[in-house]
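# Per-entry structural report
If you want the building blocks of each chain, they are given just below.
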Amino acid sequence: MICELLKPENIIISNDNLNFEQTLDSLVSVLALRSETKNLWKDFLLKREELISSRLGKGVMIFRAWPVQTDRVYFSLGIFPQGLEIETFDGEKIKIAGLLAAPKENESEYHENLVSVLRLFNENSLRDDLILSQEPSKILQLIKDEESELEKTV
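Here the structure is a predicted model, which is why all the values come from computation and not from measurement.

### Quick look at the overall build of the protein
Regarding its fold elements, the protein presents 6 helices and 5 strands. Its C-alpha atoms give the protein a radius of gyration of 14 Å, near enough to 15 Å, the size a compact globule of 154 residues would have. Considering the protein as a whole, with its 154 residues, one finds that 50% of them fall into the buried category. Excluding contacts between residues fewer than 6 apart, the proportion of contacts in the protein whose partners are at least 24 apart in sequence is 71%. Counting only carbon and sulfur atoms, one obtains 47% of the accessible surface of the protein, whose full area is about 8000 Å². Here the protein carries 18 positive and 27 negative side-chain charges, and the mean point of each set is 1 Å from the other.

Quick look at the structure:
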């Protein structure tokens, strides 16, 4: 579950109008990683973006870093209420951006978490509530509650 991966220190709430690389940099920078690892991940994700877009639509973008050299699965989240300089394919400004990363040996966990992220951010009410939230603890609670609700439907 995403709520188990996400920590308050891995959540960004900002009204800055960031571009693509600044957004990626901010999502990587909040993770407890060595700077050389952060740089490798950024390079990996920029190259991956040339092959497949992180932009999902509905104002959401999820950077997907798999497989990367790391010890476990990581997730960071950015909430940008004013929107970024980046638009999704449907013309909406990105207001929610995330980064999910995992090592090769955690393939199953990575894919389970990716499905969870995609399901979560497809929920209109959750996206709206996240954009209005001003506290990481509130964001974590919203995600936890939504994951609990989604689990009941499976």
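Okay, back to it.
### A short note on the pairing of strand β3 (residues 60-65)
Burial within β3 is extensive, with 6 of its 6 residues counted as buried. Burial along β3 is two-sided: the face carrying Val60, Ile62 and Arg64 and the face carrying Met61, Phe63 and Ala65 are both buried. Relative to β3, strand β2 (residues 55-57) is paired through 2 bridges, and the arrangement is antiparallel. From the neighbouring strand, arginine 55 faces β3, where its bridge partner is methionine 61. Linking β2 to β3, which pair antiparallel, is a turn of 2 residues; within it lysine 58 sits at a positive phi near 60°.

### Some points on the pairing of strand β4 (residues 74-79)
Here β4 lies mainly inside the structure; 6 of its 6 residues are buried. Of the two faces of β4, the one lined by Tyr74, Ser76 and Gly78 and the one lined by Phe75, Leu77 and Ile79 are each fully buried.

### A closer look at the packing of aromatic side chains
Tallied over the entire structure, the rule returns 3 aromatic pairs. Between tryptophan 66 and tyrosine 110 the ring centres are 5.8 Å apart and the planes differ by 15°, which places this aromatic pair in the stacked class. One end of the pair, tryptophan 66, is in the loop between β3 and β4; the other, tyrosine 110, is in helix α4 (residues 107-120), and 44 residues separate them in sequence. Given a relative accessible area of 4%, tyrosine 110 falls into the buried group. The ring of tyrosine 74 carries arginine 72 above its face, with NZ or CZ at 3.9 Å from the centroid.

Conventions we followed
- All chains use their own residue numbering, which begins from 1 and follows the written sequence.
- pLDDT decides what is reported in this predicted model: residues at 70 or higher carry local features, side-chain atom pairs at 80 or more are listed and counted, and totals for whole chains, interfaces and linings draw on all residues regardless.
- Only heavy atoms go into the side-chain values, all of them from the structure, while hydrogens and water stay out.
- Secondary structure elements follow DSSP: runs of H or I no shorter than four residues count as helices, runs of E no shorter than two count as strands, and numbering proceeds from the N terminus.
- For this measure, only C-alpha atoms enter the radius of gyration; the expected value for a globule follows 2.2 Å times N^0.38, where N is the number of residues.
- The cut-offs for exposure are 20% and 50% of the maximum accessible area for each residue type, with area from a 1.4 Å probe on protein chains only; residues under the lower value are buried, those over the upper are exposed, and the others partly exposed.
- The contact criterion used throughout is that any non-hydrogen atoms of two residues lie within 4.5 Å.
- With residues, only the protein chains shown are counted as cover, and all accessible areas are computed by Shrake-Rupley using a 1.4 Å probe.
- When charges are counted, neither His nor the chain ends are considered; positive counts come from Lys and Arg and negative counts from Asp and Glu.
- Here the site of a charge means atom NZ of a Lys, CZ of an Arg, CG of an Asp or CD of a Glu.
- Between any two strands, at least two bridges found by DSSP are needed for them to pair.
- Only the six-membered ring of Trp is used, alongside the rings of Phe and Tyr, when aromatic pairs are assigned; centres must lie within 6.5 Å, and planes under 30 degrees apart are stacked while those over 60 apart are edge-to-face, with the rest tilted.
- For a lysine, the NZ atom is tested; for an arginine, the CZ atom; a charge sits over a ring if that atom is within 6 Å of the ring centre and within 35 degrees of the ring normal.

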